[in-house]
Amino acid sequence: MKEKMKLEQWKDWKWQRKNLIKDVDSVEKMLGVKFEEEEKESIRKTIEKFPMAITPYYLSLIDPLNYKEDPVFKQAFPNPEELSISSCDMKDPLSEDTDSPVTGITHRYPDRVLFHVSNVCAMYCRHCTRKRKVGDTDNIPSREELEKGIEYIKEHPEVRDVLLSGGDPLMLSDEYLDWILSQVSSIPHVEVIRIGSRIPVVLPYRITDALIEVFKKYENLWLNTHFNHPNEITDTAKKSLKKLSLAGIPLGNQSVLLRDVNDCPRIQKKLVQKLVQNRVRPYYLYQCDLSEGLEHFRTSVGKGIEIMESLRGHTSGFSVPTYVIDAPGGGGKIPVMPNYLISWSANKVILRNYEGVITTYKVPDNHTSNSCDLECKECNLQLDIDNAEEYKAVGVYKLLTDYEEEITLTPENLERRERSENGYGEIG
Ligand SMILES: *Cc1c(COP(=O)(O)O)cnc(C)c1O
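Residues numbered from 1 in each chain as written. Predicted model: local features only at pLDDT ≥ 70, side-chain atom pairs only at ≥ 80, totals over all residues. Heavy atoms only, no water.

## Some thoughts on the overall build of the protein
Regarding its fold elements, the protein presents 15 helices and 12 strands. Its C-alpha radius of gyration of 25 Å places the protein within 12% of the 22 Å reference for a compact globule of 428 residues. The principal-axis extent of the C-alpha atoms belonging to the protein is close to 80 × 50 × 45 Å. Evaluated residue by residue, the protein yields a buried proportion of 44% over its 428 residues. Looking at the protein alone, contacts between residues at least 24 apart form 73% of all its contacts between residues at least 6 apart. Carbon and sulfur atoms make up 51% of the accessible area of the protein, which amounts to about 23,500 Å² in all. Charge separation in the protein, taken as the distance between the mean sites of 57 positive and 68 negative side-chain charges, equals 7 Å. (Helix = DSSP H or I, 4+ residues; strand = E, 2+ residues; numbered from the N terminus. Rg over C-alpha atoms; globule rule 2.2 N^0.38 Å. Buried < 20%, exposed > 50% of the residue type's maximum accessible area, 1.4 Å probe, protein only. Contact = heavy atoms within 4.5 Å. Areas by Shrake-Rupley, 256 points an atom, 1.4 Å probe, with all protein chains shown as cover. Lys, Arg positive; Asp, Glu negative; His and termini not counted. Charge placed at Lys NZ, Arg CZ, Asp CG, Glu CD.)

## Let's talk about a nonpolar patch on the surface
On the surface, Tyr391, Tyr397 and Leu400 cluster together to form a nonpolar patch covering roughly 340 Å² of accessible area. Within the secondary structure, Tyr391 is located in the loop between β12 (358–362) and α14 (395–400). The class of Tyr391 is partly exposed, set by a relative accessible area of 41%. (Patch = residues over 30% accessible without salt bridge, like charges linked within 9 Å, V, L, I, M, F, W, Y side chains within 5 Å. Salt bridge = Lys/Arg side-chain N within 4 Å of Asp/Glu carboxyl O.)

## Side note on the sheet that holds strand β4 (residues 192–196)
Pairing within the open sheet is mixed, and its 9 strands lie in the order β1-β2-β3-β4-β5-β6-β7-β8-β9. The open sheet is flanked by β1 (105–109) and β9 (332–335), the only strands paired with a single partner. When strand polarity is set aside, the average angle formed by the axes of neighbouring strands in this sheet is 30 degrees. Where strand β3 (residues 161–165) meets β4, 4 bridges bridge the pair, whose relative direction is parallel. Bridged to Leu164 within β4 is Ile195. (Pairing = 2+ DSSP bridges. Axes fitted to C-alpha atoms, helices over the stretch in contact; angles between N-to-C directions.)

See below:
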């Protein structure tokens, strides 16, 4: 009877939250391990700067016999190396705060925004890119604050995709989440809503039937989660993923490449294969950001490319994530991959496949590309896109179009150009 009570408690996400593990002594007790006194002191110092919080569930995944090498331990337990600041570390490497037109909104790409709806996380990941914010504002933004974000989206008809992020949006109550989802989905130009959440990994019991009922009301809802290692895909995590997928929610996964946690082609292959087995599509593999205190987690970019080389062609195409570097300074995600295009001429491209076979693809001789002036009515492709008149090319794509005049993209304050403007004629 008592055992049954305990199990019920364990599976109650609110109990898990109330019993978060926040100090070294509790970790010792729960794992049955002992740290050296000196070690404990440096861990305590680390916690003073970057707090610790681990759900009992996530802690239970650690192998106590080999905890120092355990991938879950490394993602959850403070490492004194977090205190060593590297010369390239930045407080807000992705410029999320500077790219924010109103509190809570980051508007970086033309048609989508990031909407920070919660400052609370189920647990604190040691590799958090928003480490600067962890713990110091563990509160939930008020309705009034969120209403300003919602107002911003309403006033920007170009926003067709809203990413709810945080913190973890699933730390909000069902009712509050329902309110946010209903507000955002009632905006006519919002076509897609996505939730980014680590809950299925660190607190899967939060995926309750009641929450699923809320989600089912929103037919344009997607969810991206954050599994980094195959050990995290437990039976409990699988159950929560199954609930989500049966509710019709397309699931994706964004993982971070972490030194000595998952920077191994074999671990990554196992991870993506287990994900797709549970109907989760690997979406992004992130190069670790330049946030303060993450230096010891960072790998070379070559390691990431090696992992991509080991996946593409070797396993199902839909198991292969896109490896990206989130550009410091707010440039957004930049895909990085091995080179498959080896060379080209006027009528041929030379490619290589995953096996190293080099092959040629011949371009059609008679292919005269139809120059596009956006006059779709006259085009033999009979393309009729919504708002075709407003179609505006930006970025590198702009250089490819026939209807834009630009032939170069030039950074502002280019010294070469400033010289030319001082009397040496025009340069691009
Ligand atoms: C990642 C991100 C997005 C979404 O990018 P996708 O490539 O569409 O997934 C949007 N806004 C910001 C600020 C982001 O960091």
